[in-house]
Amino acid sequence: MVTRVEIKSILSYKINEIQIIKLNIIFLTNKERILVTDTISDMLTRIRNANMVKHQIVQIPGTRMSLAIAKILKEEGFIEDFENYIENNKKYLLISLKYLGKSRQPVISKIERVSKPGLRVYSNSKKLPRVLDDLGIAIISTSKGVMTNLKAKELGIGGEVLCYIW
């Protein structure tokens, strides 16, 4: 329940030559903070929702896992860029989404969470998933860090299958 809304500050910065103006709007509520138990699902849902309404940027709470996933998405060409910033002692990621053509068709067609807190999905190096005959990627959390299914197959290691993206 929102009791009061106020604009705290206006922030202006550039990502890939795109001028971003951010209004810092505070919704004062009875609860100051919402606790998210699955930060990966939260990140993927925010990206999916922003893609559906064709937003240019999306703000995500910054964690080490979300930073690692954002790096992979940038390396694989699914997002334009991302920026890590701190506001009020909280870390955030600003992700610039990528679209194709004048119709702004999203580069990410589908983004799907596989391993969840209630049902973990693991795969060994020989049975790593292939997403659309390697047109898409699976993001795997391994003992050597977070990587794509193709890189994990090269290194010969398995791990937890976090999500599929194509």
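Nothing here was measured: the structure is a model prediction, and the numbers come from that model.

K.L.:
How do you make sense of the nonpolar core when you look at a structure like this?
P.N.:
One finds I47, I95, L97, I139 and I165 to be the most contacted residues of the largest nonpolar core, which totals 26 residues. Elements supplying a minimum of two residues to this core: helix 1 (39-52), strand 3 (57-61), helix 2 (64-75), strand 4 (79-87), strand 5 (90-97), strand 10 (137-142) and strand 12 (159-165). At 5 residues, the largest contribution of residues to this core is made by helix 1. In contact with L97, not counting residues within four places along its chain, are I47, A50, N51, H55, Q56, V58, I79 and E80.

K.L.:
Help me understand unusual backbone geometry, please; the structure alone is not making it clear to me.
P.N.:
Of all residues except glycine, most have a negative phi; of all peptide bonds, most are trans. The backbone of K54 sits at a positive phi, close to 60 degrees, despite the residue not being glycine. Looking at the secondary structure, you find K54 in the loop between helix 1 and strand 3. With a phi angle near 50 degrees, L132 is a residue other than glycine that sits in the positive phi range. Relative to the helices and strands, L132 is located in the loop between strand 9 (122-123) and strand 10.

K.L.:
Looking at this model, I keep getting lost on the confidence of the model for the protein. Mind explaining?
P.N.:
Reading fine detail from the predicted coordinates is not recommended where pLDDT is low. For the protein, the mean per-residue pLDDT works out to 86, and 80% of the residues sit at or above 70. Overall, residues 1-10 carries pLDDT values under 50, and its contacts beyond four positions in sequence, including any with other chains, amount to 30 contacts. A low-confidence stretch, residues 24-32 stays under pLDDT 50, and its non-local contacts, those more than four residues away or across chains, total 25 contacts.

The rules we used
Residues numbered from 1 in each chain as written. Predicted model: local features only at pLDDT ≥ 70, side-chain atom pairs only at ≥ 80, totals over all residues. Heavy atoms only, no water. Core = buried A, V, L, I, M, F, W, Y, C linked by side-chain atoms within 4.5 Å. Buried < 20%, exposed > 50% of the residue type's maximum accessible area, 1.4 Å probe, protein only. Helix = DSSP H or I, 4+ residues; strand = E, 2+ residues; numbered from the N terminus. Contact = heavy atoms within 4.5 Å. pLDDT = per-residue confidence, 0-100.

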